Amino acid sequence: MNSPPPLLLPPPISKSLLNIILQINLSGIIILSLTDTSNLININRMEKTLVILKPCTIQRGLIGEIISRFERKGLKLAGMKMAWLTDEILSEHYAHLKEKPFFQRIKDAMSVCPVIVCCWEGVDAIHVVRQLAGATNGRNAQPGTIRGDYSMSVQENIVHASDSPETAITELKRFFSDDELFDYKMNNLLAIYANDEF
Ligand code: IDP
Ligand code: MG
């Protein structure tokens, strides 16, 4: 990771965290109590997620428009590059679809030209970006989502977005080396979140 050493963000805290609380009552006796503090502690997490602007997006000249959707939402760009994806990396990336009849066709479509690979960061970013992307099939995706606004296809659907925290970690490692992801301060955090949200 390309970053200065101090961490700006608190570590993730489990929702079911139980804390042992020491209290001293009026007579000076120490009371030990086990308390569920999950509702007292900020449990939101800054997350990073992978987005790929697919070849259809590059071919249609939509790079700027799609990037601006994520920027306008309040997500922070932590990494971005152009890459021409190989059949090998696409076989790994789409391994969950390898039994599908369209497996090779998706890989071919994803290597028609270079793609733009991005890492976006924010509180609950994985879920937020999936919501922004919309349903897989552009014809079914809600208007207002990226696929709903820009896609008429199940295959040529503008963006890839990681679908879970585990996938996001694996996919970011697949496409970015540590020194291609940047940890820097955004000065607008308090305009984007309340101070207990990040
Ligand atoms: P997702 O991109 O919404 O997560 P996945 O099921 O992971 O959807 O599929 C990965 C990609 O494979 C889709 O974005 C789309 O480009 C393509 N794809 C999925 N289902 C079909 C299909 O039925 N026909 C053609 N391409 C498909
Ligand atoms: Mg998927």
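A brief report on the enclosed structure follows. (Residues numbered from 1 in each chain as written. Chains lettered and ligands numbered in written order. Predicted model: local features only at pLDDT ≥ 70, side-chain atom pairs only at ≥ 80, totals over all residues. Heavy atoms only, no water.)

A short note on the site of ligand 1
Put simply, the rule is: Proximity is defined per residue: if any heavy atom of the residue lies within 4 Å of a molecule or strand, that residue is considered near it. Polar contacts, as used here, are pairs of N or O atoms within 3.5 Å; protein pairs need one atom able to donate a hydrogen and one able to accept it. Residues neighboring in sequence count only if both atoms are side-chain atoms. Ten residues, namely Ala, Val, Leu, Ile, Met, Phe, Trp, Tyr, Cys and Pro, are considered nonpolar, four, namely Asp, Glu, Lys and Arg, are considered charged, and the remaining ones, Gly among them, are considered polar.
Around ligand 1 there are 13 residues in total, and K54, H96, R130, T136 and N157 lie nearest to it. T136 is positioned with one of its side-chain polar atoms (N or O) 2.5 Å from an oxygen atom of ligand 1. Here an oxygen atom of ligand 1 sits 3.0 Å away from a polar atom, N or O, in the side chain of R147. Here the shell around ligand 1 is composed, by residue class, of five nonpolar, four polar and four charged.

A short note on helix α7 (residues 165-175)
Counted only if it meets this: Here the term buried applies to any residue with accessible area under 20% of the maximum for its type, exposed to any over 50%, and partly exposed to those in between, with areas from a 1.4 Å probe on protein chains only. For helices the rule is a DSSP run of H or I covering at least 4 residues; for strands it is a run of E covering at least 2, with both sets numbered from the N terminus onward. Here the arc refers to the directions that run from the helix axis out to each C-beta atom. What makes two residues a contact is simply this: any of their non-hydrogen atoms within 4.5 Å.
All buried positions along α7 are accounted for by A168, E171, L172, R174 and F175. Down the axis of α7, the buried side of the element spans an arc of 155°, and every buried residue falls inside it. In α7, the exposed positions angled more than 90 degrees off the buried face are occupied by E166, I169 and K173. Buried residues belonging to α7 abut β3 (46-53), β4 (76-83), α3 (87-93), β5 (115-123), α5 (125-133) and β6 (159-161).

What to know about the pairing of β5
Inclusion rule: Any two strands between which DSSP finds at least two bridges are classified as paired.
Counting buried positions along β5 gives nine out of nine residues, so the element sits mostly inside the fold. In terms of strand pairing, β4 meets β5 through seven bridges, oriented antiparallel. Of the residues in β5, the one forming a bridge with K81 is V117.

Considering the environment of K76
Locating K76 in the fold gives a position in strand β4. Between the C-alpha atoms of K76 and K185, which are 109 residues apart in sequence, the distance is 9.5 Å. Among all residues touching K76, those that are not within four sequence positions of it are C119, W120, E121, D183, Y184 and M186.

Everything listed is a geometric property; what it means functionally is a separate question.
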